[in-house]
Amino acid sequence: MCEKLLGFNSTEEQPSGPRGQDSMWRNEKYETVPLDVKGIDEDNSKGTTDSLYPQAALRKAQQGNERPKDPKLWPYFQDGLRRIDYVLTYHVQKPQSTRKQSAKSCLCFKFRREQSSPPVHEDPELAAQEQRLDYHEDDQRLRREEFEENLREMGLEMEREEGNKIPGVGFLKIHAPWEVLCREAEFMKLKMPTFKKYKVSHGSSIVEKVNMFVQKVTATLQPKVGENRVENEKYLSYPFSREKQHLFDLSDRNSFFDSKTRSSIVYEILKRTKCTRAKYIMGISSLLGSGVYTEAYPLHDGDIDGINAEANDRKILCEEWASYSIFYKYQPIGLIRKYFGEKVGLYFAWLGVYTQMLIPAAIVGVIVFLYGCVTVEDNIPSMEVCDERNNITMCPICDRVCSYWKLVTACGTARASHLFDNAATVFFAIFMALWATMFMEHWKRRQMRLNYIWDLTSFEDAEGKQKSQPRAEYEFHVMKKSLKKEKPPKEENVKLTCRDRMPAYMTIIVMMVFLICVTLAIVFGVVLYRVSIMTALHMSSTPSFRTNIRATVKTTAAIINLIIIIIMDEVYGAIARWLTIMEVPKTDKSFEERLIFKTFILKFANAFTPIVYLAFFRGRIIGRPGKYIYVMGSYRMEECAHAGCLMELCIQLCITMLGKQLIQNNLFEIGVPKLKKMLRQRKIDKKHQEELDKTLHRHEKDHFLGPFVGLNPEYMEMIIQFGMVTLFVASFPLAPLFALLNNIIEIRLDAKKFVTELRRPIAVRAKDIGIWYTLLRGLSKVAVIVNAFVISFTSDFIPRLVYQYMYSPDGTLHGFVNHTLSYFNVSHFQPGTEPTESMHLGYKVEVCRYKDYRDPPWSDTPYEFSRQFWAILAARLAFVIVFQNVVMLMSDFVDWLIPDIPKDISIQIHNERNLIVELFMKQEQGKKYRNTIGDPSPQPLRSRPSSQA
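Residues numbered from 1 in each chain as written. Predicted model: local features only at pLDDT ≥ 70, side-chain atom pairs only at ≥ 80, totals over all residues. Heavy atoms only, no water.

Identification of the chain as Anoctamin from Cyprinus carpio is taken from an unreviewed UniProt entry.

S.K.: If you had to explain the packing of aromatic side chains to someone new, which residues and values would you point to?
M.R.: Scanning all chains against the criterion turns up 49 aromatic pairs. With 5.9 Å between their ring centres and 10° between their planes, Trp435 and Phe439 make a pair best called stacked. Here Trp435 and its partner Phe439 are both found in helix α14 (residues 423-453), four residues apart, which amounts to about one turn of the helix. Judged by relative accessible area, Trp435 falls into the buried class, the value being 4%. (Phe/Tyr/Trp six-rings, centres within 6.5 Å; stacked < 30°, edge-to-face > 60°. Helix = DSSP H or I, 4+ residues; strand = E, 2+ residues; numbered from the N terminus. Buried < 20%, exposed > 50% of the residue type's maximum accessible area, 1.4 Å probe, protein only.)

S.K.: Any chance you could break down the environment of Leu873 for me, citing the residues and the numbers?
M.R.: Topologically, Leu873 is positioned in helix α28 (residues 867-897). Expressed as a C-alpha distance, the spacing of Leu873 and Ser792, which sit 81 residues apart in the sequence, is 9.1 Å.

S.K.: Any details on the packing of helix α10 (residues 333-340) against helix α11 (residues 342-375)? Residues and values, ideally.
M.R.: Two elements in contact, α10 and α11, have axes whose closest approach is 7 Å; the angle formed by their N-to-C orientations is 150°. The orientation of α10 with respect to α11, classified from their angle, is roughly antiparallel. For the pair α10 and α11, the crossing hand works out as right-handed. Each of Ile333, Ile336, Arg337 and Phe340 in α10 lies in contact with α11, whose residues at this interface are Glu342, Val344, Gly345, Phe348 and Ala349. Here the residues of the contact of α10 with α11 are counted per class, giving six nonpolar, one polar and two charged. (Axes fitted to C-alpha atoms, helices over the stretch in contact; angles between N-to-C directions. Parallel < 35°, antiparallel > 145°, perpendicular 65-115°, else oblique. Left-handed = near helix turned anticlockwise from the far one by under 90°. Contact = heavy atoms within 4.5 Å. Nonpolar A, V, L, I, M, F, W, Y, C, P; charged D, E, K, R; others polar.)

S.K.: Could you give an account of the nonpolar core, with specific residues and numbers?
M.R.: Trp350, Tyr354 and Phe728 are the most contacted members of the largest nonpolar core, which totals 112 residues. In terms of residue count, α11 provides more of this core than any other element does, 16 residues in total. Sequence-distant contacts of Phe728, defined by excluding residues within four places in its chain, comprise Phe608, Ile611, Val612, Ala615, Phe616, Leu649, Leu653, Gly723, Val786, Asn787 and Val790. Core analysis: the second largest hydrophobic core is formed by 46 residues, Val200, Leu236, Leu250 and Ile909 among them. (Core = buried A, V, L, I, M, F, W, Y, C linked by side-chain atoms within 4.5 Å.)

S.K.: Lay out the state of the cysteines with the relevant residues and their values.
M.R.: Taken as a whole, this structure holds three disulfides when the rule is applied. Paired by a disulfide, Cys386 and Cys411 hold their sulfur atoms 1.8 Å apart. Measuring the twist about the S-S bond at about 95°, one finds the Cys386-Cys411 disulfide to be right-handed. With Cys386 in helix α12 (residues 380-386) and Cys411 in helix α13 (residues 411-420), this residue pair connects regions lying 25 residues apart in the sequence. In this structure Cys411 comes out as buried when scored by relative accessible area, which is 18%. The disulfide bridge from Cys398 ends at Cys402, spanning 1.5 Å between sulfur atoms. Disulfide Cys398 to Cys402: torsion about the S-S bond roughly 85°, handedness right-handed. Taken individually, Cys398 and Cys402 each receive the classification buried, so the pair is uniform in this respect. (Disulfide = S-S within 2.5 Å.)

S.K.: I'd like a rundown of helix α19 (residues 588-616), residues and numbers included.
M.R.: With 29 residues, α19 should reach 42 Å at 1.5 Å per residue; the first-to-last C-alpha distance of 40 Å fits that figure. Roughly 45° is the biggest bend found in α19, and it falls at Phe608, with proline Pro610 one to four residues downstream. (Expected span 1.5 Å × (residues − 1). Bend = angle between axes of the 7 residues up to and from the residue.)

S.K.: Describe the pattern of salt bridges, naming the residues involved and giving the relevant values.
M.R.: Within the structure shown, the criterion is met by 41 salt bridges. When the shortest N-O distance is used, the salt bridge between Glu186 and Arg242 registers 2.7 Å. Linking Glu186 in helix α4 (residues 178-188) with Arg242 in the loop between β6 (233-239) and α6 (253-256), this pair joins segments that are 56 residues apart in sequence. Accessibility expressed as a relative area gives 28% for Glu186, which makes it partly exposed. By relative accessible area, which is 42% here, Arg242 ends up partly exposed. One salt bridge in this structure joins Asp387 and Arg389, with 3.1 Å as the shortest N-O distance. Residue class for Asp387 comes out partly exposed when judged on its relative accessible area of 22%. Residue classification places Arg389 among the exposed residues on the basis of a relative accessible area of 75%. (Salt bridge = Lys/Arg side-chain N within 4 Å of Asp/Glu carboxyl O.)

What follows is the structure, encoded as structure tokens:
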């Protein structure tokens, strides 16, 4: 009775619907299982499964060569023959609640309600709330039915499964038949391999011999996967066409389109399919955002562990890529691309090239550091600081509570500063500028080689073709704009203009400026912390502890900066996304680029503002003894140590870099996904957890994995690290080494996360890394300028050169320390600022020294900048100009010298085009020959034009 009401036919009857309305209703029998039928699946006694396919499709699949596979281990339907290409999940009402049936519903329910029971008085508010909830869920169900009907009209096959093992979750499993795959592959212009093979030339004989030698040497470093072998033959690829199927090897249709391609094809169909039941047109993204569907994801190929786990690409990646024990091996980039798509493959290829290029940079950085360690004993300035015979008395570093101190107490700081501030620093800065250029050129060549191997040389960016498919949010705002018009023209192309977006633009500008001001305020707050804690420790600590106060304040302030950076990174990321959504970009590519740009600006300012302050502002706006600059009433601006701020800059860089890599990048990437997975699994009873793990199907296992949020976070952390490595490398030569060690772990950590912790991402075609290359290029250019200023203004490199060649009596650095110190008469202290313990050193101090280039108090212009100051300033500015232009000229020369496309790749691309033409010519000649032999009737047709002529 229920089946008749809902329009389902028995197995002996043909469908009564219109024949021409849908190809899936043509004289075919359906398997239809009502939702209240029990015992559908042997393993799913409590669940429901609704199979929405014609039996003809099932019989056709059973006639194929593929054997049925266990759906528990493989992503297949209950028949074990049709592959699950995509899964949509949705919320299912609890079994105790009742559902209202609509006229469009295709489901049958059992209601257990005793009509003879006495009436129960219910709370009116609770009843109204339940009524609203039921109406909302019915509306969502009707939208799902309309959307799924539209999917069936597109040719997709579906199977529904509700409440089997995961309570409250329903699964819609989607399968794309062969005809649909062929149609969409032709529409998407997917390049597929033909049956034609050709020999790949690796260059001249010498180059080929060198490649063979390198391949033999690095054989132990290669992963044990077939895609990583250097092949001498390659299949000729051509955009798929149903009219030219004879060009392709279709002997095995089940494997012609791999799982990555199948899921991307289904995703394109989902994006094009619309639901018009609501007030406005809803696509899959709007349906997910409104809760009609809760999740959408493709499935992994199979299990990675266990006795029943069969060989699959995911298991191979887990063994040969996502393992820390093989950190020394190359990545199987070909298999990564095959499984995850070109966009993910390009990210890991770029990360691998970046990590390889860090090896020479790390070696040179360690050599520079060791050079500083070896020469520290021969460094004349640090020897003069550590010489107690000089007996130099320094001015107090704070008012009243701080007393005079001996320069010899800064001996350790002076010796440590020489490790990072020596003659080799300039060489290393020039080397890193050229290294950045070499890295860019090497990546461009590697990217072009991958484009050739992956058949992307003639690929047009998918976003360029999809300009006619705007984002759902953009369509919603366009529809609201069109509804506001009284009489909109029928053929008018309504779109959002700059005038429509002006409120959003103004909000974005104001918010970006405000957030940057917040970052500056945070840095200023840390400065106040250092100043106040320094004064407080001098007031409360014993004289023996005061020697370690500066190091304590430096370290704690750097740790506070690190914690603030990590917290604000998350805040800025969320705000950047909110601002981008407010802007309403038209396409997904535009949305991604604008989001990346905003996030990069905010996170870059968050990470580098404290470092920029230490490098260029600290110690330069303090004034002088007797006339200091004060903040917040009575706090003096902080000074640098005698050896300069370079050591403090190095400490800040070290703590920030290591902290972000260990805590934010690695710990969060390991802990957060596992925590989210535990929270999702807490919804299931722990007693049945082990049993469920054994009986869960592939789509149910992937439901517990974390959602894939994109590659932007991965790129962003590497871009910030690239900035740490290049921008201030003159002050921290060990930065490339720390980055190298981090990336070795990062590659395997990301691999493990992609293979085991996250759902499989949608395979996206891409031929480059997009806007990230532009950001890298900009950072490499800015790094030249920043390092020039660091060497010139932060380090003592220029003052040492000026003294040695202009003021030194013997052309050495003897007397350099005394030359950098100015004199101050202690009687010129402002009232209330002189030290309370004036006899702290055991004698009365009349003149103290401070680091600056000023005239002495007995000169005609006391405490004014001396001629040495202006000479050093001129030398510093000249060094910045010369360094910047010379290094950039060298970088541009290297860029010009190295071609972007390898010569052998350009030759192969040209050969491929010729082979395509040759293949078509042979096929046309073969057709003409077959027509001539098999059907002589066309001969009079060919003679007819000649007779007419």
